[in-house]
Amino acid sequence: MLSLGGTACAEELKQPSAGKTLIAYLTRSGNTRVIAGTLQRTLRADLFEIRPARPYPDDYEQHVAQAMRERDSGFEPPLTTKVDNIGAYGTVFLGFPIWGETAPPPIRSFLKAHDLAGKTLRPFITHGGYGVGASLAVLATQATGAKIEDAFVMEADQERRTLNHVRDWLGQINSSQS
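Residues numbered from 1 in each chain as written. Predicted model: local features only at pLDDT ≥ 70, side-chain atom pairs only at ≥ 80, totals over all residues. Heavy atoms only, no water.

A. View of the overall build of the protein chain. Each helix and strand in the protein chain was counted, giving six helices and six strands. When the helices and strands of the protein chain are read in sequence order from the N terminus, they spell out α-β-α-β-α-β-α-β-α-β-β-α. Taken across its 178 residues, the protein chain has 42% of its residues classed as buried. Put simply, 82% of the contacts in the protein chain that link residues at least 6 apart link residues at least 24 apart. Counting every atom, the protein chain has about 9,700 Å² of accessible surface; 51% of that belongs to carbon and sulfur. (Helix = DSSP H or I, 4+ residues; strand = E, 2+ residues; numbered from the N terminus. Buried < 20%, exposed > 50% of the residue type's maximum accessible area, 1.4 Å probe, protein only. Contact = heavy atoms within 4.5 Å. Areas by Shrake-Rupley, 256 points an atom, 1.4 Å probe, with all protein chains shown as cover.)

Pasting the structure below:
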């Protein structure tokens, strides 16, 4: 298990592979960003936020609908930028939330745009209670030639659960006023 608190762990992680360490991540609600920032500070690594050229809707349900359409069609959205010097990195920590039971479309775009062959890929994944789904299979097929290490997986707050709680509460208010 990866400890994020000690520098001994950071030194152990940096020494086995040649090159620098990159923390690349995609976030929606900020949970994955928190992990990425912790990794970046602990490992003294470079940080890269994966951003689609066309931002997803802020509204959670619209966002989910768009992500599902893209997942089902195999769409890989263009990104705002890519890592120009990916060859300088020996280890890439790749962080993302689970969208629709798999890796988000921008992660597929990132993997397609960057050759990770010969690199160590260390995934860190957040999810809302449903696990990693097919995301590890996506990494295996799209990061060909990379040495994929075991993923750090963490359940994080889920927006859908929050929305449902709020709707239930509003339903109770409405029924008590009837």
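B. Structural view of the pattern of salt bridges. Across all of its chains, the model carries six salt bridges by this definition. Note that Glu49 and Arg51 form a salt bridge whose closest N and O atoms lie 2.9 Å from each other. Glu76 is the partner of Lys112 in a salt bridge, and the nearest nitrogen-oxygen pair spans 3.4 Å. Placement of Lys112 in helix α4 (residues 105-113) and of Glu76 in the loop between α3 (60-73) and β3 (89-97) is noted, with a sequence separation of 36 residues between them. Its relative accessible area of 65% is what places Lys112 among the exposed residues. Salt bridges here are not isolated pairs; linked through shared partners, they connect Arg33, Glu49 and Arg51. (Salt bridge = Lys/Arg side-chain N within 4 Å of Asp/Glu carboxyl O.)

C. Representation of a nonpolar patch on the surface within the structure. Taken together, the side chains of Val166, Trp169 and Leu170 make up a nonpolar region of the molecular surface, amounting to roughly 300 Å² of accessible area. For Trp169, the location among the structural elements is in helix α6 (residues 159-177). A relative accessible area of 52% places Trp169 in the exposed class. (Patch = residues over 30% accessible without salt bridge, like charges linked within 9 Å, V, L, I, M, F, W, Y side chains within 5 Å.)

D. Fine view of α4. In terms of burial, α4 is a largely internal element, seven of the nine residues being buried. Every buried residue belonging to α4 is among Pro105, Pro106, Ile107, Arg108, Ser109, Phe110 and Leu111, and all of these are buried. Tucked into the core, α4 has its buried residues touching β1 (20-25), β2 (46-49), α3, β3 and α5 (135-142).

E. View of the nonpolar core. The biggest cluster of nonpolar side chains holds 28 residues, and the ones touching the most others in it are Ile50, Leu94, Phe96 and Phe110. Those elements that provide at least two residues to this core are β1, β3, α4, β4 (120-127) and α5. Among the elements that line this core, the one with the most residues is β3, at four residues. In this structure, Phe96 is in contact with Leu26, Thr32, Ala103, Pro104, Ile107, Phe124, Ile125, Thr126, Ser135 and Leu139, ignoring residues within four places of it in sequence. (Core = buried A, V, L, I, M, F, W, Y, C linked by side-chain atoms within 4.5 Å.)

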